[in-house]
Amino acid sequence: MNYNEVLQEARACIGDFCKACPVCDGVACKNSIPGPGAKGTGDNAIRNYKKWQEIRVNMDTICENKGTDTTIEIFGKEFTLPVFAGPVGAVNLHYSPKYNDASYNDVLVKACADAGIMAFTGDGTDPTVMEAATKAIGNAGGIGVPTIKPWNIDTIKDKLDQAKAADPVAIAMDVDAAGLPFLKNMTPPAGSKSVAELKEICDMAGKPFIVKGVMTVKGALKAVEAGAAAIVVSNHGGRVLDQCPATAEVLEEIADAVAGRCKILVDGGIRSGVDVFKALAMGADAVLICRPFVTALYGGGEEGVKVYIDKIAGELKDTMAMCGASKLEDITKDMIRK
């Protein structure tokens, strides 16, 4: 399969909300929830994508021709790309019943591990979602990151026990999911976490802990204070709060403030290897991509996921070669123009 064939197959089975667009820019699915769109006006998913496109890369081919190396080491593991699949939940609600969360994660986790990267898996009100996700990660030798919602502490403890049993590379929590209705209405209360609460969770995790959903310098420093091994600069794809800035607008200031005290990941509108290059130049260690992996999986299963990963890898390598970076560490701020 090629990528166009993957998209064509996806359009036949992905449901009524997602259009499996050639570029997933948030326009065709604007404010369609359920579905892959964003909250309210739908502006945020569109803005996430557009802001990456406003950044240009600086071509420089007057340099030694060394080839390109896209490998990254993070949390003691080596990966072929600084690109990971982001967590997604309720795929049968937001896309189509061809997959449910369990079958989706089974395919995604294995396909990513086979390609030399890892997948973040989602969580849900149905306890079998986390059970199936952690089982898939365990079957992949622990190559994956289970992502836990900011439930109340007793539920978090149960989810952490399941996650740790899979011996994953790391464990994450998408704290920005506090804006989802099913968390807002829970008893006992679930949602936002204080620094002290996050620290307790980090300590219980027993693995590198990733705080996903950081959009300000203040929030990043609080995550570092709590003991996070990494943060994900993310606005949850615009699905939890309308009128947020794009992640590309806040990444650099957050990376500068954190100054190496934890790993920096970023998601939101990153759709090509060129976008990955831009994110690394602005201070990210790696990126997450979510919705295009859904399209790839619906369109071609494991093969579709591999096709998409190969596409991103080829674009990143080409950009690195044309901008004078032979390895990821060579990518610097002066290689982009904002």
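How each quantity is defined
- Residues numbered from 1 in each chain as written.
- Predicted model: local features only at pLDDT ≥ 70, side-chain atom pairs only at ≥ 80, totals over all residues.
- Heavy atoms only, no water.
- Buried < 20%, exposed > 50% of the residue type's maximum accessible area, 1.4 Å probe, protein only.
- Helix = DSSP H or I, 4+ residues; strand = E, 2+ residues; numbered from the N terminus.
- Arc of directions from axis to C-beta.
- Contact = heavy atoms within 4.5 Å.
- Phe/Tyr/Trp six-rings, centres within 6.5 Å; stacked < 30°, edge-to-face > 60°.
- Lys NZ or Arg CZ within 6 Å of the ring centre and 35° of its normal.

**Student:** Which residues make up helix 8 (residues 195-205), and what values go with them?
**Tutor:** Every buried residue belonging to helix 8 is among Leu198, Ile201, Cys202 and Ala205, and all of these are buried. Burial along helix 8 is one-sided: seen end-on, the buried residues are contained in an arc of 100 degrees. Residues of helix 8 that are exposed and point more than 90 degrees away from the buried face comprise Ala196 and Asp203. Of the surrounding elements, those touching the buried residues of helix 8 are helix 6 (153-165), strand 7 (171-174), strand 8 (209-214) and helix 9 (217-226). One or two steps after helix 8, the chain reaches Gly206, where phi turns positive at roughly 65 degrees.

**Student:** How would you summarise the packing of aromatic side chains if you had to cite specific residues and measurements?
**Tutor:** Using the criterion set out here, one finds five aromatic pairs in the structure. Aromatic side chains Tyr95 and Tyr298 sit 6.1 Å apart centroid to centroid with 35 degrees between the ring planes, which places their arrangement in the tilted category. Taken as a pair, Tyr95 in the loop between helix 3 (91-94) and helix 4 (101-114) and Tyr298 in helix 12 (residues 291-323) lie far apart in primary sequence, 203 residues in all. Relative to Tyr298, the ring of Tyr99 lies with its centre 5.0 Å away and its plane at 80 degrees, an arrangement referred to as edge-to-face. One end of the pair, Tyr99, is in the loop between helix 3 and helix 4; the other, Tyr298, is in helix 12, with 199 residues separating them in the sequence. For the residue pair Tyr99 and Tyr298, the accessibility class agrees, reading buried in each case. Each member of the aromatic cluster is reached from another via a ring pair, and the members are Tyr3, Phe293 and Tyr308. Above the ring of Tyr3, the side-chain terminus of Lys311 is found at 5.1 Å from the ring centroid.

**Student:** Explain unusual backbone geometry residue by residue, including any values.
**Tutor:** At the junction of Ile33 and Pro34, the peptide bond is cis and its omega measures out at 5 degrees in the coordinates. Tracing the sequence through the fold places Pro34 in the loop between helix 1 (3-11) and helix 2 (43-53). With a phi angle near 55 degrees, Phe75 is a residue other than glycine that sits in the positive phi range. One can find Phe75 in the loop between strand 2 (72-74) and strand 3 (77-79). Here Phe75 falls in the partly exposed class, since its relative accessible area comes to 22%. Look at Ala259: it is not a glycine, yet its phi comes out positive at around 50 degrees.

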